Structure formats: C-alpha cells, structure tokens
Amino acid sequence: MTTYAIIGGTGLTALAGLELDQAQTFETPWGAPSAPVQRGHYAGRPVLFLARHGHPHRIPPHQVNYRANLWALKEAGAEAIVAVNAVGGIHAAMGSGHLCVPHQLVDYTWGRGHTFFEGADLEHVTHIDFSFPYDEPLRQRLLGALRRLQLPHSDHGVYAATQGPRLETAGEIVRLERDGCDVVGMTGMPEAALARELGLPYACLALVVNP
Ligand code: HPA
C-alpha cells in the first residue's frame, strides 16, 4: 500500500481523523523541517503528515524550508505527496470554497532554496524534466475522490506561485490572468520541483480561500 504524505498548508496544521502513531523529528542536510513528521493511519491507510508552516502556523511562505520538508518526508518513507494549498481565485469560476487540482504551474518565486542539485560536493549537473509538474495518476486519484464526495471542483488549472508574503496588486492579478493562470498561491514552488528531484509523485489540492 502506497504511503502518502500530506503537506498541510494554511488552515490545515493538523489532520483531523489521523490516528497518530508517532511524531518524528528530523534533522536533514538542508536543516530542520517545519515541524515533526506525524506518522499514523487515516481510514486504515498509512499516512504521513507535515504542517508546511509549522504547528502552530508561524513560518511565512518565503521562509518555509521546502528542501528540509521534502527530504524529511522521503526519509520518513513517503512514496507520494499530496500538497494542500490555500489559494486565491483569479477568475469568476474560482470562488471561495472551490477546489482545484492544477495540471500546470507558473513559478514567480525567487530567492528560495529551490534545488537539491547544488553545493560543493555536487557530482554532476542534473536537469529534471518538469514539463508536467504534477503526477497525472495521483491527480486522477484526487479527482476520483472529489467526484465521489461530490465536491465542486475544477479538474485542471494553472497554479501561479508567487513570492509573498504580501498579496498581489490588482495589476499583478491581471498579468497572472493574461499568463493563463487560474489560481494563485505562495507555496506551490519550489515544493513541486523538489518532489520531482527526489522522484516523488506530487499533486496539489488547491482550496480557494479568497476570490
Ligand atoms: N494570493 C496569493 N496567495 C494566496 C492568496 C492570494 O490571493 N490567497 C491565499 N493564498
């Protein structure tokens, strides 16, 4: 049975219903993750959970140690990652409470630790294939669950990852829409790329919290 790791974002610092077996503290070559990795069972399945902004929520999006988070989850035994992200909706179809499982992203972040492939002991330069940033089978599993639960959602969309922590200007939102983006959040990158670098299938469940 696949061990899923859930990375909880704003509003999801603890996973209700998780039967907790252990909370494990990690120290990685990239530093400490945002919080201990919770290991437990959810509906009979092995699940790992990590609060992206810490527990309690105190780490802003641009200061999350994404590398340590992904490294720790891999070390804890994660085989696939479901990222839960609060987002803003860019157009009318993306009202508050709407869910979106993006199929693409555009990265506007800067200055974050965004790769494992750097440093003095690097053996060779690696360029991951990131044409399709989200794992399609995992996306389809998420979509199947949303359909079964009859929750209103979009089965595709383009996620704009912005730097934050400030929200965007009205002009920037116009630009994001022109760029083809549907939702905007501050935490989707470099998380997705780091998961790919570690060979972990990754998909995002975006919850619109402000239109
Ligand atoms: N913009 C960027 N990130 C966000 C927003 C937003 O409007 N809402 C929640 N996260």
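Residues numbered from 1 in each chain as written. Predicted model: local features only at pLDDT ≥ 70, side-chain atom pairs only at ≥ 80, totals over all residues. Heavy atoms only, no water.

Moving on, we come to the overall build of the chain. Regarding its fold elements, the chain presents 4 helices and 11 strands. Against the 2.2 N^0.38 benchmark of 17 Å for 211 residues, the chain shows a C-alpha radius of gyration of 16 Å, consistent with a compact globule. Reported as C-alpha extents along the three principal axes, the dimensions of the chain are approximately 45 × 40 × 30 Å. The contacts in the chain between residues at least 6 apart in sequence include a share of 79% that link residues at least 24 apart. Carbon and sulfur atoms provide 56% of the accessible area of the chain, an area that totals close to 10,300 Å². Once the 15 positive and 20 negative side-chain charges of the chain are each reduced to a mean point, those two points are 4 Å apart. (Helix = DSSP H or I, 4+ residues; strand = E, 2+ residues; numbered from the N terminus. Rg over C-alpha atoms; globule rule 2.2 N^0.38 Å. Contact = heavy atoms within 4.5 Å. Areas by Shrake-Rupley, 256 points an atom, 1.4 Å probe, with all protein chains shown as cover. Lys, Arg positive; Asp, Glu negative; His and termini not counted. Charge placed at Lys NZ, Arg CZ, Asp CG, Glu CD.)

Attention now moves to the site of the ligand. Near the ligand you find Ala86, Val87, Gly88, Leu167, Glu168, Val184, Gly185, Met186, Val209 and Asn210, and these make up its full shell. Between the ligand and the protein, one listed contact pairs a nitrogen atom with a backbone N or O atom of Val184 at 3.5 Å. Interatomic distance of 2.6 Å between a side-chain N/O atom of Asn210 and a nitrogen atom of the ligand. When the ligand is considered free in solution it has 260 Å² of accessible area, and contact with the protein chains removes 87% of it. Judged by the fraction of its atoms near the pocket grid, the ligand is located in the second largest pocket. Among the elements of the structure, strand S5 (80-89), strand S10 (183-185) and strand S11 (202-210) are those that each provide at least two residues to the shell around the ligand. Per element, the largest residue contribution to the shell around the ligand is 3 residues, and it comes from S5. By residue class, the composition of the shell around the ligand is 6 nonpolar, 3 polar and 1 charged. (Near = heavy atom within 4 Å. Polar contact = N/O pair within 3.5 Å; in protein donor to acceptor, adjacent residues only side chain to side chain. 1 Å grid on protein atoms, 1.4 Å probe; cavity = no way out; pocket = protein on both sides within 12 Å on 5 of 7 lines; lining within 4 Å. Sits in = over half its atoms within 2 Å of the grid points. Nonpolar A, V, L, I, M, F, W, Y, C, P; charged D, E, K, R; others polar.)

Moving on, we come to the nonpolar core. Counting 37 residues, the largest nonpolar core has Val37, Leu70, Leu73, Ile81 and Tyr159 as its most contacted members. Among the secondary structure elements, those contributing two or more residues to this core are strand S1 (4-8), strand S4 (45-51), helix H1 (66-76), S5, strand S9 (158-161), helix H4 (191-197) and S11. The next biggest cluster of nonpolar side chains, apart from the first, holds 18 residues, and it includes Val84, Leu138, Leu143 and Leu205. (Core = buried A, V, L, I, M, F, W, Y, C linked by side-chain atoms within 4.5 Å. Buried < 20%, exposed > 50% of the residue type's maximum accessible area, 1.4 Å probe, protein only.)

Bringing the side chain of Thr28 into the picture now. Examined against the element boundaries, Thr28 turns out to sit in the loop between strand S2 (19-24) and strand S3 (37-42). Classification of Thr28 as buried rests on a relative accessible area of 7%. Residues in contact with Thr28, not counting those within four places in the same chain, are Pro33, Ala68, Trp71 and Ala72.

Moving on, we come to the side chain of Arg52. Secondary-structure assignment places Arg52 in the loop between S4 and H1. Apart from the residues lying within four places of it in its own chain, the contact partners of Arg52 are Ile7, Gly8, Gly9, Ser34, Val64, Tyr66, Asn69, Ala83, Val84, Asn85, Thr187 and Glu191.

It is worth spelling out the layout of surface pockets at this point. In this structure, the largest pocket spans a volume of roughly 770 Å³. Taken together, 21 residues line the largest pocket, and the ones lying closest to its centre are Ile6, Tyr42, Val82, Leu142 and Ala145. Broken down by secondary-structure element, the contributors of at least two residues to the lining of the largest pocket are S1, S4, S5 and helix H2 (136-148). Here the element with the most residues in the lining of the largest pocket is H2; it accounts for 7 residues. Residue composition of the lining of the largest pocket, grouped by class: 17 nonpolar, 1 polar and 3 charged. Roughly 360 Å³ of internal volume is contained in the second largest pocket. Those elements that place two or more of their residues in the lining of the second largest pocket are S5, S10 and S11. With 5 residues, S5 is the single largest residue contributor to the lining of the second largest pocket. (Points joined across faces, edges and corners; volume = space filled by probe spheres on them.)

Attention now moves to the pattern of salt bridges. Considering all chains together, one arrives at 4 salt bridges under this definition. Where Arg166 meets Glu172, a salt bridge forms, and the shortest distance between an N and an O atom there is 2.9 Å. With relative accessibility at 25%, the residue Glu172 sits in the partly exposed group. (Salt bridge = Lys/Arg side-chain N within 4 Å of Asp/Glu carboxyl O.)

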